[in-house]
Amino acid sequence: MEPAEAAKHLWPSTPAWPVIGHLPGMISLGLVPFIESVWRELGDCFEFRAGAETIKVIVHPDDVEAMLLRRRHKYTKGASYDQFRRLVGRGLISSEGALWRRQRRLIQPSFNRDTITALGQGMVAQVDVMLERWAAADPGGGVIDIHAELMRLTLEITGEALFGLRFAEDRASISTREFSDALGVVAARITAPLEAPRWLPTPGNIKLERAIASLDRVVMRIINERRQGGEDHDDLLGALLRGSDERGDALDDELLRDEVLTMFLAGHETTAVSLGWALWQLREQPEVRARMLETIDAAVGQRGPTSADLPALAYIKQVFYESMRLISPVWTGARNCVEPDVLGEGYAVEPGTRVMNFIWLTHRHPEFWDQPERFDPERFAPEAIAKQHKFAYLPFTHGPRKCVGEHFATLESVLVLTRLFQRVELEAVPDFEPEMDFQLTTRPRNGLMMRWRPRARVAG
Ligand code: HEM
């Protein structure tokens, strides 16, 4: 619906306190459970007040499509990304307008299907290195924090595939810790109702500044070492170093740093979290696990999978996609309105308003997902996908700002799951319950403890 005089200016809302608005509910339940409870009461369009700011929430795929695609000129990433900009500056995820378009054109080719095909073998080799490390510590199997392991694995895969790095041989250079700390503080600021000013030496500010300084050092070292090497490389870093700005000059150091950091930040935790929750959810799905094993046996047997096996491993992808529907690693999107719009059943959106599209809830919308809480990979069989509303499934979002790493992450996840299933069995540890922490991604706060053991029919 286009703006019309008849647009309703009052969005549905639950009773709020003066000044603090809905903060008590958000704090006592947690933001996501609070928003979910309001959605169940009020439906697909509503607003809530986090202190002084009134935020609109949309859940229906038609509204998400309007905001992210059809009327996207009325929305920008704007102030919703200010915290993120503190970390990644003008990197692809937070930039806008002409700079974003130019950078996306420069970066996109490194992520096209054909380009990433070559990366599959390296990804599987990294899984083998991880499994050898587990076996060296505990040959018969043992208990591990699969979340921590996957964070390390995806960091190493991203580093090698996009920047030609071997962290395993250079452990001092980088660790998941700095990324995790930096993202943790940024997320806390985005979701915290009250924010301490940046100049205050709060523990959060100090932690963030330290993490940024340490990430800066590593990233600049990566860039400088590549420059000094003098060779032309066919990876993302090579493309960035060959790239130029609107005047035809090479990208400045600051923008290079922003892009390299963006790729690490956007690429490694999202994938680790998705894979971790997939393995966790599968512990309760014996039939799905059995079918995965049959698929893997038929497609690749004991040999290491490659990108060419992806069509035969389609069921593994279906499982991964269903897992991300139920636990989407990115649980919301957000935009700032810059031109008047109307969403839902005629609700006005004024410039300056922040609108959140709650991915977590769209993935549970009963109009689009039959028995939404049931784990069912058949939802992603080709015939079923053809009938889906495209904007009902948003782990990578849609529209021009969709994830540039979607094919990379899908390839990586299918190959990692396949290799893990070939070589080990993973099961729950009695009495361990993970806690979901809705940060920038759906991190498990206390990790994901699982027991692993070598699979009897070890792959070659
Ligand atoms: C399962 C894994 C992943 C998930 C669920 C995911 C999800 C997303 C989502 C939801 C967005 C949109 C964010 C927004 O609107 O603010 C996004 C953007 C982005 N992602 Fe991913 N991502 C994943 C993996 C990756 C990987 C592996 C990379 C790169 C190595 C990557 C790089 C990016 C970048 C650069 C953007 C910004 C794109 C733009 O605005 O043009 N992502 N991702």
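These numbers come from a predicted model, not from an experiment.

Conventions we followed
- Residues numbered from 1 in each chain as written.
- Predicted model: local features only at pLDDT ≥ 70, side-chain atom pairs only at ≥ 80, totals over all residues.
- Heavy atoms only, no water.
- Axes fitted to C-alpha atoms, helices over the stretch in contact; angles between N-to-C directions.
- Helix = DSSP H or I, 4+ residues; strand = E, 2+ residues; numbered from the N terminus.
- Parallel < 35°, antiparallel > 145°, perpendicular 65-115°, else oblique.
- Contact = heavy atoms within 4.5 Å.
- Nonpolar A, V, L, I, M, F, W, Y, C, P; charged D, E, K, R; others polar.
- Salt bridge = Lys/Arg side-chain N within 4 Å of Asp/Glu carboxyl O.
- Buried < 20%, exposed > 50% of the residue type's maximum accessible area, 1.4 Å probe, protein only.
- Donors = N, O, S within 2.8 Å, 3.2 Å for Na, K, Ca; no water.
- Near = heavy atom within 4 Å.
- Polar contact = N/O pair within 3.5 Å; in protein donor to acceptor, adjacent residues only side chain to side chain.
- Domains from an automatic or database assignment.
- UniProt positions renumbered as here; feature names shortened; annotations may be inferred.
- Buried area = accessible area lost by both parts, 1.4 Å probe.
- Pairing = 2+ DSSP bridges.
- Phe/Tyr/Trp six-rings, centres within 6.5 Å; stacked < 30°, edge-to-face > 60°.
- Lys NZ or Arg CZ within 6 Å of the ring centre and 35° of its normal.

Outline the packing of helix α13 (residues 286-300) against helix α14 (residues 314-326), listing residues and values.
Put simply, α13 and α14 touch, their axes get as near as 8 Å, and they point 150 degrees apart. Taken as axis vectors, α13 and α14 run roughly antiparallel relative to one another. In this structure, α13 uses V288, R291, M292, T295 and I296 to contact α14, whose residues at the interface are Y315, I316 and V319. Its residues assigned to classes, the contact of α13 with α14 comprises six nonpolar, one polar and one charged.

Give a description of the pattern of salt bridges that names residues and reports values.
Here the structure, examined in full by the defined rule, presents 30 salt bridges. Between R423 and D128 there is a salt bridge, and its shortest N-O distance comes to 2.8 Å. Taken as a pair, R423 in helix α17 (residues 406-423) and D128 in helix α7 (residues 120-137) lie far apart in primary sequence, 295 residues in all. Just as R423 is buried, D128 falls in that class too. Residue R283 is joined to E284 by a salt bridge in which the shortest nitrogen-to-oxygen separation is 3.4 Å. Since its relative accessible area comes to 21%, R283 is described here as partly exposed. The exposure class of E284 is exposed, given its relative accessible area of 55%. Overlapping salt bridges bring together R71, K74 and D341 as one network.

Requested: an account of unusual backbone geometry, with residues and values cited.
For residues other than glycine, phi is negative in most cases, and the peptide bonds are mostly trans. Backbone geometry at T397 places phi at a positive 50 degrees, although glycine is not the residue there. Taking the relative accessible area as the measure of exposure, T397 reaches 19% and is therefore buried. The backbone of D431 sits at a positive phi, close to 70 degrees, despite the residue not being glycine. Position of D431 among the secondary structure elements: in the loop between β9 (424-428) and β10 (436-438).

I'd love a proper account of the coordination of the iron atom of the ligand, names of residues and values included.
Counting protein donors to the iron atom of the ligand gives just one, C403 (SG), placed at 2.3 Å. Take C403: it is sitting in the loop between α16 (382-387) and α17.

Which residues make up the site of the ligand, and what values go with them?
Neighbouring the ligand are 28 residues, the closest being Y81, W100, R104, R401 and C403. Between the ligand and K77, the relevant distance is 3.0 Å, taken from an oxygen atom to a side-chain nitrogen or oxygen of the residue. Take L92: an N or O atom from its main chain is 3.5 Å from an oxygen atom of the ligand. Secondary structure elements with two or more residues in the shell around the ligand: α5 (97-107), α12 (253-282) and α17. Element by element, the count of residues in the shell around the ligand is highest for α12, at six residues. Broken down by class, the residue content of the shell around the ligand amounts to 17 nonpolar, six polar and five charged. When residues of the shell around the ligand are assigned to domains, at least three fall in each of domain 1 (1-80 + 330-362) and domain 2 (89-328 + 363-454).

Requested: an account of the UniProt feature "binding site: heme" (unreviewed entry) in the chain, with residues and values cited.
Taken from the UniProt record, the annotation "binding site: heme" (unreviewed entry) applies to C403. Relative accessible area serves as the criterion here: at 30%, C403 is assigned to the partly exposed category. Here C403 is in contact with R104, F396 and T397, once residues within four sequence places are set aside.

Describe the domain arrangement of the chain, and please don't skip the residues or the numbers.
By the assigned domains, the chain splits into domain 1 (1-80 + 330-362) and domain 2 (89-328 + 363-454). Averaged C-alpha coordinates put domain 1 and domain 2 at centres separated by 28 Å. Facing the 28 residues of domain 1 at the interface are 31 residues of domain 2. Between domain 1 and domain 2, roughly 2500 Å² of surface is buried when both sides are summed, and carbon and sulfur atoms account for 66% of that area. Run the count over domain 1 and domain 2 and you get zero salt bridges.

Before we move on, could you go through the side chain of E322 and cite the residues and values that matter?
Among the structural elements, E322 can be located in helix α14. Reaching out from E322, the side chain makes a polar contact with the backbone nitrogen of D376 at a distance of 2.7 Å. Sequence-distant contacts of E322, defined by excluding residues within four places in its chain, comprise R374, F375, D376, P377, R379 and F380.

Break down the sheet that holds strand β12 (residues 449-454) for me, citing the residues and quoting the values.
Pairing in this open sheet of three strands is antiparallel, and the strands run β4-β12-β9 from one edge to the other. Edge strands, defined here as strands with exactly one partner in the open sheet, are β4 (142-145) and β9. Here the strands of the sheet are splayed against their neighbours by 40 degrees on average, with no regard to which way each runs. Pairing geometry for β9 and β12, over five bridges, is antiparallel. Within β12, the residue paired with V424 across the bridge is P454. Strands in contact with helix α8 (residues 146-163) are β4, β9 and β12; relative to β4, the strand with the most contacts, it is inclined by about 60 degrees.

Any chance you could break down the packing of aromatic side chains for me, citing the residues and the numbers?
Tallied over the entire structure, the rule returns 16 aromatic pairs. Geometrically, the ring pair formed by Y321 and Y393 is tilted, given 5.8 Å between the ring centres and 35 degrees between the ring planes. Of this pair, Y321 sits in helix α14 while Y393 is found in the loop between α16 and α17, placing the two residues 72 residues apart along the sequence. Ring geometry for W331 and F438: centres 5.9 Å apart, planes at 80 degrees, overall edge-to-face. With a gap of 107 residues between them, W331 in the loop between α14 and β5 (333-337) and F438 in strand β10 connect regions that are remote in the sequence. Since its relative accessible area comes to 4%, W331 is described here as buried. Taken together through their ring pairs, the aromatic side chains of F320, Y321, W369, F380, Y393 and F396 make up a single cluster. One Lys or Arg, R325, reaches over the ring of W369 and ends 5.2 Å from the middle of that ring. Geometry around W360 places R364 over its ring, the cationic atom sitting 4.2 Å from the centre.

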